[in-house]
Amino acid sequence: MLAKENRLRLKNDFKRVFEKGKFCGDKFLAIKVFPNSSDVSRFGFIVSKKVSKKAVVRNKVKRRLRESVRLRLKDGLIKGGFDAIILTRPEIADKKFVEIDEVVDKLLRKAGVLK
RNA sequence: UUAACUAAGCAAGACGAUCGCCCCGAUUACUUGGGGAGGAAAGUCCGAACACCGCUUAGUGGAGACACAAAAUUUAUGUCUCCACUAUAAAAUGGGCAGUCGCUAACGGCGACCGUUUCAGGUAGGGAUAGAAAAUUUUCUGUCCUUUACUCGGGAUAGGGAAAGUGCCGCAGAGACAAUACUAUUCUAAUUAUUUAGAAGAAAGGUGAAAAGUUGGAUGGUGUUUAAAUAAAAUUAUUUUAUCUAAACUACAUCCUUUCUUUGCCGGUGACGGCAAAAGAUGGUAAACCCUGCCCGGUGCAAGACCAAACUGGAUUAUUUAUAGUUCAGGAAAAGUAGGUCGCAUGAGACCAAUAGCAAUGUUGGUCCUAGAUAGAUGAUUGUCACUCUAAAUUUAUUUGGAGCACAAAAUUCGGCUUAUCGCUUGGAUUAAACA
RNA sequence: CGGGGCGUAGCGUAACGGCUAACGCACUUGGUUUGGGACCAAGGGACUCCGGGUUCGAAUCCCGGCGCCCCGA
């Protein structure tokens, strides 16, 4: 789990990123990024019911995505001042952590969030 | 012993390492201690708690107005209005439920029982077959079947009323519920005859899930059909008629048994059961309409209460307040949205023991406090061991490699129901196989 | 936390409780044409989403699941 200051929480924040953010996509993930006015970067994750009907599976996908982002935040690889939303496609359900981690890295690089 | 069936219980396999998350506490802070998913948390199919809204009547308390009495401040009484609390409780052209007794806060739930039905077993009876004995018809034994009776055990049960009324019962069939006459039968009339017309409704055929209605059996007995024998008539074989015998079906009568309705007695809290008597007979369907009895006000924690003042609004004539009297200008006050706090974890609580009860469950005592997130915490990676499957190697029970290790995650809280579920443990009764 | 609808041949839709279920497109075969399309004729294809129950009889009625779609706070 990310620390509270790194989470995207409010409905308005999600709305702003969705409407004005820059979009990048890969095979089973996508990202929307928009700069915010603070120093820290915040992340939100969306895993819809189309990924899986089971809450257990959806929660697991979210946790793996968060863990992947958390490790990069911890190592100081991510620039400050961005809001990002990571979107998922159904194929992610049976992927392993290593595969997800690779794609996350690729996406963040593409979106210009990594240092 | 194993497998199948059934009823319960346990259940992110155990112990770590590194990096993290949520809540509570300690600390100025750095840090640090403790706690952190389920039997179904799921589906949302029922029922409640709780909150707000709404309704009838009564009582109590408070506030206000009016009337009256006293000279008055004011006080007392009465009436009306509003508010709060307590008790009771809307409307039914609507919805739901349905054996009995009990349990429960309540339920469409749970427990026990009754009735019905079903499965398997046992005993008795009956039938078939094989063998043996006496001896030509019985007995005994084995195996198999059973539309029979009794009984032990398990399962299912939306289980009020069809003798209140209405509707429906396709095709077939004469006729589908106070109906009907196709074949066949009987009677009457016409006709030489074949046959035609009308009537009857005791039996049979045929149709169908069901045929006019309580079920089955015994004895007597009527009739029909078939077969054999005898006799008579006609006759080439043969046919017809009569008698008698046998088989099948059968009107009717008597007796026994049995279903339902009614009455009486006995047992039971009761559903109901047992016994006896009398008169009688009424198709099925209520998960068709309906009738009877009972229950039900609505919305749901996004209920609801509060904070603060970010944003919108309040604007023009009109209200109040203040800047200062007037004008102008700007500000504040009623509302809402985003946000935050509470609701939100001491409860129909959990565990243990005793006790009442067949049980559901109740009572008493002791111990304990056990998740509270909100784009939503309880995780990610990895090591060793355990279990299952699989491949290879050899020391034949070890090593190495690979894969797997259920169903599924709180969202106000409980009681049920339903559905999903790898495996392990325990109990029960029966069947099958193997071994002794 | 609540409310509503749907599920039938490959696809889109029908069907009073009464014949293992109808129509169109698609499919197969044949005809027609120099060939194709169109047209004509014939034919195949469904355990009516799943599991129970009521009934003589269920796609239909009732109960419980599964899946899909939509709506409100």
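The coordinates are above.
For clarity, every value in this text was computed on a predicted model and none was experimentally measured.

1. With respect to the pairing of strand S2 (residues 29-35)
Piece 1. With five of seven residues buried, S2 is to be regarded as a mostly interior element.
Piece 2. Pairing of strand S1 (residues 22-25) with S2 involves four bridges; the strand directions are antiparallel. If you follow Gly25 over to S2, its bridge partner there is Ala30.
Piece 3. Note that S2 and strand S4 (residues 82-88) share seven bridges and pair antiparallel. Bridging across to S4, Ala30 finds its partner in Leu87.

2. With respect to the sheet that holds S2
Piece 1. Taken in spatial order, the four strands line up as S1-S2-S4-S3 in an open sheet, and their pairing is mixed. On the outer flanks of this sheet lie S1 and strand S3 (42-46), each paired with one strand and no other. Adjacent strand axes in the sheet meet at a mean angle of 20° when their direction is disregarded.
Piece 2. Relative to S4, S3 runs parallel, the two sharing five bridges. Note on S4: the bridge partner recorded for Phe43 is Ala84.
Piece 3. Packed on one face of the sheet, helix H2 (residues 55-74) meets S2, S3 and S4 and runs near 155° to S3.
Piece 4. Running over the sheet, helix H3 (residues 97-111) touches S1, S2 and S3 and is turned about 35° from S2.

Rules of the game
Residues numbered from 1 in each chain as written. Chains lettered and ligands numbered in written order. Predicted model: local features only at pLDDT ≥ 70, side-chain atom pairs only at ≥ 80, totals over all residues. Heavy atoms only, no water. Buried < 20%, exposed > 50% of the residue type's maximum accessible area, 1.4 Å probe, protein only. Helix = DSSP H or I, 4+ residues; strand = E, 2+ residues; numbered from the N terminus. Pairing = 2+ DSSP bridges. Axes fitted to C-alpha atoms, helices over the stretch in contact; angles between N-to-C directions. Contact = heavy atoms within 4.5 Å.

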